[in-house]
Amino acid sequence: VDFHELPWVLSLAKLLGCVDEEVAMEALGAVERFVLHRREHAVAMLQGGVLQVVHQILGVHRNPELVQEAFVVTFRICDMPKEAVVNHICEERPLVGTVVEALGHAPLNMRLQMAGLRLLALWARMGERKVLASIAEADAHAALKR
């Protein structure tokens, strides 16, 4: 894993991830490898706009495997101290609604449901008012009841 290639991965994901599902899946895999290699990479990716890239990918592709991978990668990126993550989540608040919407598209896929609910729980546990308001606006409680 070469940290110097990280900006290229984000650029390619942003440009081509919405066009081709395979590119999106490979980009998410590369992002996950960067995060697993060193936690500092997650901070750099947040600063580079990785949440916007994931949001774009989720907005375009509905393949359950891709959506689940996006949830897992987003969880790994956001699973850091609140101070490092919360501002980036607040900047990309519509992502919360997209996650809830994606959960509604695959109500019988338990792996996808668990990954999505785990991500929402992580965000809710941060206790940030703006994020909690976004979760309430997206009606995430209805997703939990399903």
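Everything discussed here concerns the structure shown above.
Residues numbered from 1 in each chain as written. Predicted model: local features only at pLDDT ≥ 70, side-chain atom pairs only at ≥ 80, totals over all residues. Heavy atoms only, no water.

Novice: Report on the nonpolar core, specifying residues and quantitative values.
Specialist: In this structure, Val-31, Phe-71 and Trp-123 are the most contacted members of the largest nonpolar core, which totals 53 residues. Here the element with the most residues in this core is helix α5 (residues 64-78); it accounts for nine residues. If sequence neighbours within four positions are ignored, Trp-123 has contacts with Thr-74, Cys-78, Ile-89, Leu-95, Val-96, Val-99, Val-131 and Ile-135. (Core = buried A, V, L, I, M, F, W, Y, C linked by side-chain atoms within 4.5 Å. Buried < 20%, exposed > 50% of the residue type's maximum accessible area, 1.4 Å probe, protein only. Helix = DSSP H or I, 4+ residues; strand = E, 2+ residues; numbered from the N terminus. Contact = heavy atoms within 4.5 Å.)

Novice: For the side chain of Gln-68, give the residues involved together with the corresponding values.
Specialist: Following the sequence through the fold, Gln-68 ends up in helix α5. Among the residues examined, Gln-68 registers a relative accessible area of 15% and is labelled buried. Those residues in contact with Gln-68 that sit more than four places away from it in its chain are Arg-111, Leu-112 and Ala-115.

Novice: Go over the packing of helix α2 (residues 21-37) against α5, please, and point to the residues and values.
Specialist: Contact pair α2 / α5: the axes reach a minimum separation of 10 Å and the direction vectors enclose 25 degrees. Between α2 and α5, the interaxial angle falls into the category roughly parallel. The chirality of how α2 crosses α5 is left-handed. For the pair α2 and α5, the contacting residues are Glu-21, Ala-24, Met-25, Leu-28, Gly-29, Val-31, Glu-32, Val-35 and Leu-36 in the first and Glu-65, Leu-66, Glu-69, Ala-70, Val-72, Val-73, Arg-76 and Ile-77 in the second. By residue class, the composition of the contact of α2 with α5 is eleven nonpolar, one polar and five charged. (Axes fitted to C-alpha atoms, helices over the stretch in contact; angles between N-to-C directions. Parallel < 35°, antiparallel > 145°, perpendicular 65-115°, else oblique. Left-handed = near helix turned anticlockwise from the far one by under 90°. Nonpolar A, V, L, I, M, F, W, Y, C, P; charged D, E, K, R; others polar.)

Novice: Tell me about the packing of aromatic side chains, and name the residues and values.
Specialist: Think of a pair of aromatic rings as described by two things: how far the centres are apart, and how the planes are tilted against each other in angle. Evaluation of the coordinates by the stated rule reveals zero aromatic pairs. The ring of Phe-75 is capped by Arg-118, whose NZ or CZ atom sits 3.7 Å from the centre of that ring. (Phe/Tyr/Trp six-rings, centres within 6.5 Å; stacked < 30°, edge-to-face > 60°. Lys NZ or Arg CZ within 6 Å of the ring centre and 35° of its normal.)

Novice: Tell me what's going on with the pattern of salt bridges, and back it up with residues and numbers.
Specialist: Throughout the structure, instances matching the rule amount to three salt bridges. Residues Glu-32 and Arg-76 are paired through a salt bridge, measuring 2.0 Å at the closest nitrogen-oxygen approach. Taken together, the residues span a long stretch of sequence, with Glu-32 in helix α2 and Arg-76 in helix α5 at a distance of 44 residues. Among the residues examined, Glu-32 registers a relative accessible area of 14% and is labelled buried. With relative accessibility at 30%, the residue Arg-76 sits in the partly exposed group. Linking Glu-101 and Arg-62 is a salt bridge whose minimum nitrogen-to-oxygen distance equals 3.0 Å. Of this pair, Glu-101 sits in helix α7 (residues 94-105) while Arg-62 sits in the loop between α4 (50-60) and α5, placing them 39 residues apart in sequence. (Salt bridge = Lys/Arg side-chain N within 4 Å of Asp/Glu carboxyl O.)

Novice: An account of helix α3 (residues 39-48) is needed here, citing residue identities and associated values.
Specialist: Regarding α3, the residues found buried are His-41, Ala-42, Met-45 and Leu-46. Down the axis of α3, the buried side of the element spans an arc of 140 degrees, and every buried residue falls inside it. Tucked inside the fold, the buried residues of α3 contact α1 (6-16), α2, α4, α5 and α6 (82-91). (Arc of directions from axis to C-beta.)

Novice: Please give an account of a nonpolar patch on the surface that cites residues and values.
Specialist: A contiguous nonpolar patch, built from Leu-12, Leu-15, Leu-16, Val-19 and Val-23 and spanning about 470 Å² of accessible area, is present on the exposed surface. Take the nonpolar patch: its biggest share by element is three residues, from α1. The topology assignment puts Leu-12 in helix α1. Leu-12 gets classed as partly exposed once you look at its relative accessible area, which sits at 46%. (Patch = residues over 30% accessible without salt bridge, like charges linked within 9 Å, V, L, I, M, F, W, Y side chains within 5 Å. Areas by Shrake-Rupley, 256 points an atom, 1.4 Å probe, with all protein chains shown as cover.)

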